[in-house]
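# What the coordinates show
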Amino acid sequence: EKNGSEVENMLLSEWDQDEALAVRYEEGREEGFDMGLSKGIKKGREEILDFIRKGYNLTDIEKLLRG
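Described in the following lines is the structure provided in the data block. (Residues numbered from 1 in each chain as written. Predicted model: local features only at pLDDT ≥ 70, side-chain atom pairs only at ≥ 80, totals over all residues. Heavy atoms only, no water.)

Turning next to the overall build of the chain. Across its full length, the chain holds 3 helices and 0 strands. Traced from its N-terminal end to its C-terminal end, the chain shows the element sequence α-α-α. Against the 2.2 N^0.38 benchmark of 11 Å for 67 residues, the chain shows a C-alpha radius of gyration of 22 Å, more extended than a compact globule. Along the three orthogonal principal directions, the C-alpha set of the chain runs to about 65 × 25 × 15 Å. When burial is assessed residue by residue, the chain has 3% of its 67 residues classed as buried. For the chain, the distance from the average site of its 11 positive side-chain charges to the average site of its 17 negative ones is 16 Å. (Helix = DSSP H or I, 4+ residues; strand = E, 2+ residues; numbered from the N terminus. Rg over C-alpha atoms; globule rule 2.2 N^0.38 Å. Buried < 20%, exposed > 50% of the residue type's maximum accessible area, 1.4 Å probe, protein only. Lys, Arg positive; Asp, Glu negative; His and termini not counted. Charge placed at Lys NZ, Arg CZ, Asp CG, Glu CD.)

Set out below in structure tokens:
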């Protein structure tokens, strides 16, 4: 019921394999980006916490992370 109108539109429209593949590719790309971003944020957070545990202050941590 939640996606009923979407399913109805899919059933009534003409199948276009190229378009379907393009949509699936874009959905996969967005999902991969979101997952990668979450992992990157988590890794960065862990890295900052390690610096704090080692006694670095936030100004020094910022300098270290900026390279």
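By the definition in use, this model includes 3 salt bridges. Of the charged contacts, one joins Asp-50 and Arg-53 as a salt bridge, the two residues approaching to 2.9 Å between their closest N and O atoms. Of this pair, Asp-50 and Arg-53 both sit in helix α2 (residues 17-53), 3 residues apart, which is roughly one turn of the helix. A residue is classified by how much of its surface remains accessible, and Arg-53, at 61% relative accessible area, is exposed. (Salt bridge = Lys/Arg side-chain N within 4 Å of Asp/Glu carboxyl O.)

Considering the arrangement of structural elements, one finds Phe-33 in helix α2. For Phe-33, a relative accessible area of 56% gives the class exposed.

Quick look at the packing of α2 against helix α3 (residues 58-66) now. Running from N to C, α2 and α3 point in directions that differ by 135°, and their axes come no closer than 10 Å. Relative to α3, α2 is oriented oblique. Classified by chirality, the crossing of α3 by α2 is right-handed. Where α2 abuts α3, its residues Glu-47, Ile-48, Phe-51 and Ile-52 lie against Leu-58, Ile-61, Leu-64 and Leu-65. (Axes fitted to C-alpha atoms, helices over the stretch in contact; angles between N-to-C directions. Parallel < 35°, antiparallel > 145°, perpendicular 65-115°, else oblique. Left-handed = near helix turned anticlockwise from the far one by under 90°. Contact = heavy atoms within 4.5 Å.)

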